[in-house]
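Observations on the three-dimensional arrangement
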Amino acid sequence: MTTTSHNILPADLEDLVARFDVRRTDAPRSEDERTSLLAKPKFGTVFTDHMARLTWRSADGWTDRRVEPYGPLQLDPATAVLHYAQEIFEGMKAYKHADGSVWTFRPEQNARRYARSAHRLALPELSEEDFLASIAALVRTDIEWVPDGEDSSLYLRPFMFASEAFLGVRPALQVEHLVIASPVGPYFAGGVKPVSIFLSEKYHRAGPPGGTGDAKFGGNYAASLLPQQEAQQRGFDQVCFLDGAESTYLEELGGMNIFLVMADGTVHTPGLGSILEGITRKSIIQLARDRGHEVVERRIPVRELVEGIESGRVKEFFACGTAAVVTPIGRLASSDFDVEVNGGASGELTMALRSELTDIQYGRADDRHGWMMRLA
Ligand SMILES: *Cc1c(COP(=O)(O)O)cnc(C)c1O
C-alpha cells in the first residue's frame, strides 16, 4: 500500500481495522478502577489497557498488525534508539460527542506528518492507512476509556523507534510503531489562564532549516529541556525560541506554534521551514481567514514583536497545539526586556478561535471543513 493524498472513507477504514489481531489483556482494570482513574486524570500518567503495534523489518516491510495488552517493552541494551535517538512521534486526541460517538481531528494530517518525520529520521514510512487503522483499532478496543467530561479527551500517542540491537551508526533494520492512549482532563484546571514566556537567546531548539525542527523528533524535546528548566527557575511558564541561523526571528515554543493579532485585525505567524507544522496552526489559519482576517505567514523579528506590544500595534499573542489547544500569552521577557501583552489578559480573538475550534472538535458546531473523522 502507498501513502495516498485523499481522505480515507470510513468504509475503507473498516477493512483496515479488521486486519489487526486484537489480543485482549487477561487483567483489564475493573469498571470501578477505571471510573476513579477517569475522574481526574493528570496529563500523561494514566494509560488504557491496550496498545496498538506494528513491526517493520527491512526484509518484510510492516507486519504483525496487532492490539496487545499495554505493558513494558523488553529492550536489548544495544537497542539502537537508546544510543542514537532514532525516534519520532505524533500527538492527537479522540473526543466523545454528546451522542456517545467518538471522533478524531484531521488524523490524515498527523499521518502525513508522521511519514515526513520518518523520512527525516531515516525511519520507514508507515502508510496513511496503517496509521489511521492503528489509531482506530486501539480506540475501539479501549472505547470505555474515552472520557466524556468537558474539555476531556483520550490523548493518543503514536510513536516509532529503531528497535534493532546494533551499535553501528546506520538506519535500523528493525523498527516498531506503537500507539498508546492516555485519558486527559482540561489542560487548564480552573479555566484558561495566560502564560508567561521567556525568550531564549542562549539556546536554539533544532537548528536552522535543514536541521530537525520540522520533524516531530524526540531529540528536539530533549534539547528544549535545559532552556525550559532555566526559564522555570526564573519564574516563567514556557520558552520561545528564535531561528537557529540569525537568532533574530521568532520560531515557536517547545511544543506549540505562535500567532500575533495586530490592532489592524491582521494575524501573523512565523512561516514554515525550521518550525514544526502544527495541525492546530493550520486550522487556526483557516478559521481566522473564515472570519475575514488576513493571515500572513512570514519571518517575524523579535524586535518587531516587542516594539509592537509596547506601541499597541500587537494586541494579542497566543500559542497553539493539540494538548492545550489555544493558550493566551500574557507576558514576554528576555534578559533585556519584559513586556505585558493585552494588560496580561486573554485576547478576544484568541479566545474566540479557541472556542470555535473546540466546538468543532466536541461536535458542538458544524464541521464545515470536514475535519472530523468518526472512529466509533
Ligand atoms: C506537536 C508540536 C506542535 C503542535 O502541533 P499540533 O499538530 O498542532 O499539535 C508545535 N510545535 C512543536 C515543536 C510540536 O512538537
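Because the structure is predicted, anything quoted here is derived from the model rather than measured.

Let's talk about the pattern of salt bridges
- Tallying each qualifying case throughout the model produces 25 salt bridges.
- Across the pair Asp-338 and Arg-331 runs a salt bridge whose closest N-O atoms are separated by 2.8 Å.
- Looking at Asp-338, the relative accessible area reads 46%, which means it is partly exposed.
- Arg-331 gets classed as partly exposed once you look at its relative accessible area, which sits at 31%.
- A cluster of three or more residues bridged by salt bridges with shared partners is formed by Asp-21, Arg-23, Arg-53, Asp-64, Arg-66, Glu-68 and Glu-176.

Quick notes on the packing of aromatic side chains
- Overall, the coordinates contain nine aromatic pairs when judged by the stated rule.
- With a centroid separation of 5.3 Å and 65° between ring planes, the pair formed by Phe-43 and Tyr-155 is classed as edge-to-face. Residue Phe-43 is found in the loop between α2 (31-39) and β2 (50-57), and its partner Tyr-155 is found in strand β7 (residues 153-162); the two are separated by 112 residues along the sequence.
- When the centroid spacing of 5.1 Å and the interplanar angle of 55° are considered together, the rings of Tyr-114 and Phe-131 count as tilted.

A look at the packing of helix α1 (residues 10-18) against helix α5 (residues 128-141)
- In the contact formed by α1 and α5, the axes pass within 9 Å of each other and the chain directions differ by 75°. Viewed along their axes, α1 and α5 adopt a mutual orientation that is roughly perpendicular. Facing α1, whose interface residues are Leu-13, Glu-14, Leu-16 and Val-17, α5 presents Glu-129, Leu-132, Ala-133, Ala-136, Ala-137 and Arg-140.
- When grouped by side-chain class, the residues that make up the contact of α1 with α5 number seven nonpolar, no polar and three charged.

Quick notes on the site of the ligand
- Around the ligand, the structure places 15 residues, and the nearest of them are Lys-216, Tyr-221, Glu-252, Thr-280 and Thr-322.
- Contact between the ligand and Tyr-221: an oxygen atom at 2.3 Å from a side-chain N or O atom of the residue.
- Ile-279 has a polar backbone atom sitting 2.8 Å from an oxygen atom of the ligand.
- For the ligand, the accessible surface in isolation is 380 Å², of which the surrounding protein chains cover 96%.
- A breakdown of the residues in the shell around the ligand according to their chemical character gives four nonpolar, seven polar and four charged.

Parameters and conventions
Residues numbered from 1 in each chain as written. Predicted model: local features only at pLDDT ≥ 70, side-chain atom pairs only at ≥ 80, totals over all residues. Heavy atoms only, no water. Salt bridge = Lys/Arg side-chain N within 4 Å of Asp/Glu carboxyl O. Buried < 20%, exposed > 50% of the residue type's maximum accessible area, 1.4 Å probe, protein only. Phe/Tyr/Trp six-rings, centres within 6.5 Å; stacked < 30°, edge-to-face > 60°. Helix = DSSP H or I, 4+ residues; strand = E, 2+ residues; numbered from the N terminus. Axes fitted to C-alpha atoms, helices over the stretch in contact; angles between N-to-C directions. Parallel < 35°, antiparallel > 145°, perpendicular 65-115°, else oblique. Contact = heavy atoms within 4.5 Å. Nonpolar A, V, L, I, M, F, W, Y, C, P; charged D, E, K, R; others polar. Near = heavy atom within 4 Å. Polar contact = N/O pair within 3.5 Å; in protein donor to acceptor, adjacent residues only side chain to side chain. Areas by Shrake-Rupley, 256 points an atom, 1.4 Å probe, with all protein chains shown as cover.

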